[in-house]
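Descriptive structure summary
Spelled out from the first residue to the last, the chains are:
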Amino acid sequence: MKLLKFYQDRGLKIVKGEGQYVWDINGTKYLDMHAGHGVAFLGHRNKTVIEYLTKQLNQIVTLSPAFDTPIREEMIKELDRVKPDNLDNAFLLNSGSEAVELALKIVRKVTKRKKIIAFKNSFHGRTVGALSVTWNKKYREPFEPLLTPVEFLEYNNLDLLKQINEEVAGVIVEPIQGEGGVIPAKQEFMKSLREITQKTGSLLIIDEVQTGFGRTGKIWAYQHFGIQPDILTAGKAIGGGFPVSVVFLPEWISEALEEGDHGSTYGGNPLAAAAVTASCKVLVNENVPYQAEEKGRLFMKLLEEKLRDFKSVREIRGLGLMIGIDLRFNPSQAIKVIQDEKVLSLKAGISTIRFLPPYLITQADMEWASDAARKGISETESKRVTS
Ligand SMILES: *Cc1c(COP(=O)(O)O)cnc(C)c1O
């Protein structure tokens, strides 16, 4: 038996995670700013999450959404404290892609239109619907024809938004493009997008699978823009490490949906409900968004100080604890050197080193990571000069 090689091997065997650190099989400690693509935002094995999961394991593990159970009631109460404004309905699924799939189905059903607008550099997942609104041709082309019609507009280009018309069922957008290179949306772009979709009766799906749940300094990144989504998708951090995703909807959309429109065997199972309940408690009680904002600001400043003399650093950008260092070359070699310095990071787009640390990082961790980045970039730069 072998596992499919869909991911490049990072050459580490990890045996344990705690907070912002992981350990390999030799006992070497790593600062984890990869965090499973941002999933471990509340820290590995967050105490409250483990407590809730353990308690739930000892009660009931699996139960169809057709039956009620106390942990789901508790989860609903907790979700009420973190939910996007006016989006009072939720449906639970197991992955970000599945949340996107449901959002795409909903905009078609509710508007009775077909066309979807997405943006260049977007990433929304790998299942067929989600892949149809994902920009990278390498991911998409071998599997075409996918969902149609889908049109990709340039991100942050206000002029092109004029192309959104009464044929458009929905527009899907990331408030900060994650996989595409840590690219924040412009204020005017998001505002204009909201206005135009409102005018044409197209639904605005904000995909917060990566940006959501506190990472950018607010519970939801759309809150930086003074607008409201019609539908919001969340995933990654929302289960504190447990695989779960959520689609949030307003009452009027949920009323247009009926029994049988969607379903999921595992969606919202008792363990997922326990994980979400605990994660919401941590998010609110520990004031996680505030900490992400403060630490993000310090980390960004430190990176700017330590990296400003490099010609190959084009830009350091991001929001809260979603940070990208955009280089003038492929970042893979630098990411390798950073890993040799015992810091885990990941690539975004074609030229960006991405840091998605847990909110627990300390000043010392930030120094450690920025020194590692300095070394990674300087070694790659000098190799390129001499070769
Ligand atoms: C990761 C991601 C997804 C896909 O989530 P999966 O859990 O991998 O299916 C969708 N949208 C965005 C913005 C993401 O970052």
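Residues numbered from 1 in each chain as written. Predicted model: local features only at pLDDT ≥ 70, side-chain atom pairs only at ≥ 80, totals over all residues. Heavy atoms only, no water.

1. Describing the packing of helix 2 (residues 47-57) against helix 9 (residues 270-285)
In contact at an axis separation of 8 Å, helix 2 and helix 9 are set at 155° when each is read in the N-to-C sense. In terms of their interaxial angle, helix 2 and helix 9 are classed as roughly antiparallel. Two packed elements cross with a definite hand, and for helix 2 against helix 9 that hand is right-handed. Residues Thr48, Val49, Tyr52, Leu53, Gln56 and Leu57 of helix 2 touch helix 9, and the partners they reach there are Pro270, Leu271, Ala274, Ala275, Thr277, Ala278, Ser279, Lys281 and Val282. (Axes fitted to C-alpha atoms, helices over the stretch in contact; angles between N-to-C directions. Helix = DSSP H or I, 4+ residues; strand = E, 2+ residues; numbered from the N terminus. Parallel < 35°, antiparallel > 145°, perpendicular 65-115°, else oblique. Left-handed = near helix turned anticlockwise from the far one by under 90°. Contact = heavy atoms within 4.5 Å.)

2. Some points on the domain arrangement of the chain
For the chain, the assigned domains read domain 1 (14-45 + 287-386) and domain 2 (47-285). Between domain 1 and domain 2, the C-alpha centre-to-centre distance is 26 Å. Across the contact, 27 residues belong to domain 1 and 30 residues belong to domain 2. Sorting the residues of domain 1 by area buried against domain 2 places Leu42, Leu319 and Met322 first, and these three jointly supply 28% of that buried surface. (Domains from an automatic or database assignment. Buried area = accessible area lost by both parts, 1.4 Å probe.)

3. A look at the packing of aromatic side chains
Taken as a whole, this structure holds 11 aromatic pairs when the rule is applied. Residues Tyr21 and Trp368 carry aromatic rings whose centres are separated by 6.4 Å and whose planes lie at 25° to one another, so their mutual orientation is stacked. Residue Tyr21 is located in strand 2 (residues 21-24), and its partner Trp368 is located in helix 12 (residues 363-386); the two are separated by 347 residues in the primary sequence. Their ring planes at 70° and their centres at 6.2 Å tell us that Phe119 and Tyr155 sit as a pair that is edge-to-face. Of the two residues, Phe119 is situated in strand 5 (residues 115-119) and Tyr155 in the loop between strand 6 (150-153) and strand 7 (168-173); the sequence distance between them amounts to 36 residues. Among the residues examined, Tyr155 registers a relative accessible area of 9% and is labelled buried. An aromatic cluster is built from Tyr21, Trp23 and Trp368, whose rings are joined through pairwise contacts. In this structure, Lys55 packs its charged tip against the face of Tyr52, placed 5.9 Å from the ring centre. Here Arg126 stacks its cationic end above the ring of Tyr139, 4.0 Å away from the centre of that ring. (Phe/Tyr/Trp six-rings, centres within 6.5 Å; stacked < 30°, edge-to-face > 60°. Buried < 20%, exposed > 50% of the residue type's maximum accessible area, 1.4 Å probe, protein only. Lys NZ or Arg CZ within 6 Å of the ring centre and 35° of its normal.)

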